[in-house]
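Single-letter residue listing:
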Amino acid sequence: MPAMTPDQRDEFLRATRIAKLATLRDDGAPSVVPVWFEWDGERARVFSSEGTGKLQRIRHDPRVALSVEAGVGEPENWVTIEGTAEVLEQGGFELASRLAPRYYGAEKAAATLKEWVKGAASMRLIEITPKKILSG
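Residues numbered from 1 in each chain as written. Predicted model: local features only at pLDDT ≥ 70, side-chain atom pairs only at ≥ 80, totals over all residues. Heavy atoms only, no water.

Engineer: Please give an account of the overall build of the protein chain that cites residues and values.
Structural biologist: Of the regular secondary structure elements, the protein chain holds four helices and seven strands. Across the protein chain, helices and strands are ordered from the amino to the carboxyl terminus as α-β-β-β-β-α-β-β-α-α-β. Dimensions along the principal axes, computed over C-alpha positions, put the protein chain at roughly 45 × 40 × 25 Å. Taken over 136 residues, the protein chain has a buried fraction of 40%. Put simply, the protein chain shows about 7500 Å² of open surface, and 52% of that area lies on carbon and sulfur atoms. Here the protein chain holds 19 positive side-chain charges and 20 negative ones, and the gap between their average locations is 3 Å. (Helix = DSSP H or I, 4+ residues; strand = E, 2+ residues; numbered from the N terminus. Buried < 20%, exposed > 50% of the residue type's maximum accessible area, 1.4 Å probe, protein only. Areas by Shrake-Rupley, 256 points an atom, 1.4 Å probe, with all protein chains shown as cover. Lys, Arg positive; Asp, Glu negative; His and termini not counted. Charge placed at Lys NZ, Arg CZ, Asp CG, Glu CD.)

Dropping the structure here:
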């Protein structure tokens, strides 16, 4: 399968899909968790609450991979972003607020965000800068 063009890749990553974020444990073993994400054409963004394992792992070793694939029944396509992640104190709740309607729909997103706002101060933004982008 040929690699996607940059335009095809950007269109694919702007669609609402679940990604898998791979981080590294202290012993070098990978840890993979499903995440919501946003792609702006240059960087991927994910949010998480303070104290989660993924934030601890990124702070210890910022090397990450974010893998996104087409769903069952769609033509086979995938993109993997290999790069480094930075944990930012600000912007996590704002990203969650943008993504919730995409992933949950308006009604469920509104109800969920009412609960999440209570922990908004502890939400962090994870910004992933690609070093290599693979696709197929």
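Engineer: Give a detailed account of the sheet that holds strand 4 (residues 44–49), specifying residues and quantitative values.
Structural biologist: Taken in spatial order, the seven strands make up an open sheet running 2-1-5-6-7-4-3, and their pairing is antiparallel. The two strands at the open ends of the sheet, each matched to only one other strand, are strand 2 (30–35) and strand 3 (38–39). In terms of strand pairing, strand 4 meets strand 7 (residues 123–135) through six bridges, oriented antiparallel. Bridge assignment links Phe47 to a residue of strand 7, and that residue is Leu125. (Pairing = 2+ DSSP bridges.)

Engineer: Account for the environment of Arg9, with residues named and values stated.
Structural biologist: Relative to the helices and strands, Arg9 is located in helix 1 (residues 6–14). Note on Arg9: relative accessible area 18%, which makes it buried. C-alpha separation for the pair Arg9 and Gly136, spaced 127 residues apart in sequence, amounts to 9.3 Å. In this structure Arg9 touches Met4, Val79 and Ile133, once residues within four positions along its chain are discounted. (Contact = heavy atoms within 4.5 Å.)

Engineer: Help me get a handle on helix 2 (residues 53–60), residues and values and all.
Structural biologist: Taken together, the buried positions of helix 2 are Lys54, Leu55, Arg57 and Ile58. Down the axis, helix 2 shows its buried residues gathered within 165° of arc, on one side only. Each element contacted by the buried residues of helix 2 is listed here: strand 1 (19–24), strand 2, strand 4, strand 5 (63–69), strand 6 (78–88) and strand 7. (Arc of directions from axis to C-beta.)

Engineer: Please set out the packing of aromatic side chains residue by residue, giving values where relevant.
Structural biologist: Evaluation of the coordinates by the stated rule reveals five aromatic pairs. Taking the centre distance of 5.8 Å and the plane angle of 50° together, the rings of Trp36 and Trp116 count as tilted. Pair noted here: Trp36 is in the loop between strand 2 and strand 3 and Trp116 is in helix 4 (residues 106–116), with a separation of 80 residues, a long-range link. According to the relative accessible area criterion, Trp116 is partly exposed, its value standing at 24%. Put simply, the rings of Trp36, Phe47, Tyr103, Tyr104 and Trp116 touch in pairs and so form one group of aromatic residues. Taking NZ or CZ as reference, Arg17 lies 3.9 Å from the ring centre of Phe12, over its face. Here the basic side chain of Lys108 rests over the ring of Tyr104, its NZ or CZ set 4.2 Å away from the ring centre. (Phe/Tyr/Trp six-rings, centres within 6.5 Å; stacked < 30°, edge-to-face > 60°. Lys NZ or Arg CZ within 6 Å of the ring centre and 35° of its normal.)

Any link to function would need more than the numbers given here.
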